[in-house]
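# Examining the three-dimensional arrangement
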Amino acid sequence: MLRLSKKADYALMAMKHLAQSSSTSSTSAREIAEQYDIPIELMAKVLQRLVRIGLLASTQGTRGGYTLGRPPASISVADVIEAIDGPFTVTACSTEKNDCEQYSKCSVRDPLWQIRERIAAALGTVTLAEIAAEHVSSPVSVSRAAVLHNART
């Protein structure tokens, strides 16, 4: 089962919040943390990582804070998740043969990697603009359904 880390959840919440905010003003880590009952220290770390990756921009000072680093339509859910958690994985094995003693006998590695690619592709098609929209648009619903369907087949 694909499960996001709490940090990735918080990152998506913050990114959605910023996408829905005015693009001319910045928002503080404290404001976002208080809005969603997230510890301020954890929210600050998540936001700092998103700044390092380039998904957010930060401004110092009394009116400082965070803004999106790119337009919401050019940021995918996959971009945010990978910025926080790294590449998606569905199995503990890697492509290095010496990392797993079952590598040469494994009959599910390749199908699981294909599932991983489908999940990554589906998450890559959902943009921050879509999740920030007031009503869930059909492409998001279709992508979620495709992920669930592809994971079962």
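None of these values were measured; they are calculated from a predicted model. (Residues numbered from 1 in each chain as written. Predicted model: local features only at pLDDT ≥ 70, side-chain atom pairs only at ≥ 80, totals over all residues. Heavy atoms only, no water.)

### Here we look at the overall build of the chain
In terms of regular secondary structure, the chain is built from seven helices and two strands. For the chain, the succession of helices and strands along the chain, N to C, is α-α-α-β-β-α-α-α-α. Per-residue burial over the chain gives 35% buried out of 153 residues. Summarising the internal contacts of the chain: among those between residues at least 6 apart in sequence, 59% fall at separations of at least 24. Just so you have it, the chain exposes about 9,700 Å², and 52% of that area is on carbon and sulfur atoms. (Helix = DSSP H or I, 4+ residues; strand = E, 2+ residues; numbered from the N terminus. Buried < 20%, exposed > 50% of the residue type's maximum accessible area, 1.4 Å probe, protein only. Contact = heavy atoms within 4.5 Å. Areas by Shrake-Rupley, 256 points an atom, 1.4 Å probe, with all protein chains shown as cover.)

### Overview of the environment of Ser 26
Checked against the element boundaries, Ser 26 lands in the loop between helix H1 (6–20) and helix H2 (29–36). When its relative accessible area of 24% is taken as the criterion, Ser 26 is described as partly exposed. Spatially, the C-alpha atoms of Ser 26 and Gly 65 are 4.9 Å apart, while their sequence positions differ by 39 residues. When near neighbours in sequence (up to four residues on either side) are disregarded, Ser 26 contacts Arg 63, Gly 64, Gly 65, Tyr 66 and Thr 67. There is a polar contact of 3.4 Å between the side chain of Ser 26 and the backbone oxygen of Gly 64. (Polar contact = N/O pair within 3.5 Å; in protein donor to acceptor, adjacent residues only side chain to side chain.)

### Concerning unusual backbone geometry
Not every positive phi belongs to a glycine, and Asp 37 is a case in point at roughly 55°. Here Asp 37 lies in the loop between H2 and helix H3 (40–53). On the basis of relative accessible area, Asp 37 is assigned to the exposed category, the value being 71%.

### So, the confidence of the model for the chain
Mean pLDDT over the chain stands at 83; residues scoring 70 or higher make up 80%. Note on residues 136–153: pLDDT under 50 across the span, and 16 contacts to partners over four residues away in sequence or across chains. (pLDDT = per-residue confidence, 0-100.)

### Thoughts on the side chain of Arg 116
You can see Arg 116 is positioned in helix H5 (residues 109–125). Overall, Arg 116 belongs to the buried group, its relative accessible area being 10%.

### So, the pattern of salt bridges
Once the charged atoms of two side chains with opposite charge are near each other, the side chains can pair. Per the stated rule, a full pass over the model turns up two salt bridges. For Asp 79, the salt bridge identified is with Arg 70, shortest N-O distance 3.1 Å. Classification of Asp 79 as partly exposed rests on a relative accessible area of 29%. According to the relative accessible area criterion, Arg 70 is partly exposed, its value standing at 34%. (Salt bridge = Lys/Arg side-chain N within 4 Å of Asp/Glu carboxyl O.)

### Some thoughts on the side chain of Ser 76
Within the fold, Ser 76 resides in the loop between strand E2 (65–68) and helix H4 (77–85). Residue Ser 76 is classed as buried on the basis of its relative accessible area of 8%.

### Considering the packing of H1 against H3
Remark: H1 packs on H3, axes separated minimally by 10 Å, with the N-to-C direction vectors making an angle of 75°. Classed by the angle they form, the pair H1 and H3 counts as roughly perpendicular. In this structure, H1 contributes Lys 7, Tyr 10, Ala 11, Ala 14 and Met 15 to the contact, and H3 contributes Leu 42, Met 43, Val 46, Leu 47 and Leu 50. (Axes fitted to C-alpha atoms, helices over the stretch in contact; angles between N-to-C directions. Parallel < 35°, antiparallel > 145°, perpendicular 65-115°, else oblique.)

### Observations concerning the pairing of strand E1 (residues 56–59)
Two elements, E1 and E2, share four bridges in a ladder whose sense is antiparallel. Bridged to Ala 57 within E2 is Thr 67. (Pairing = 2+ DSSP bridges.)

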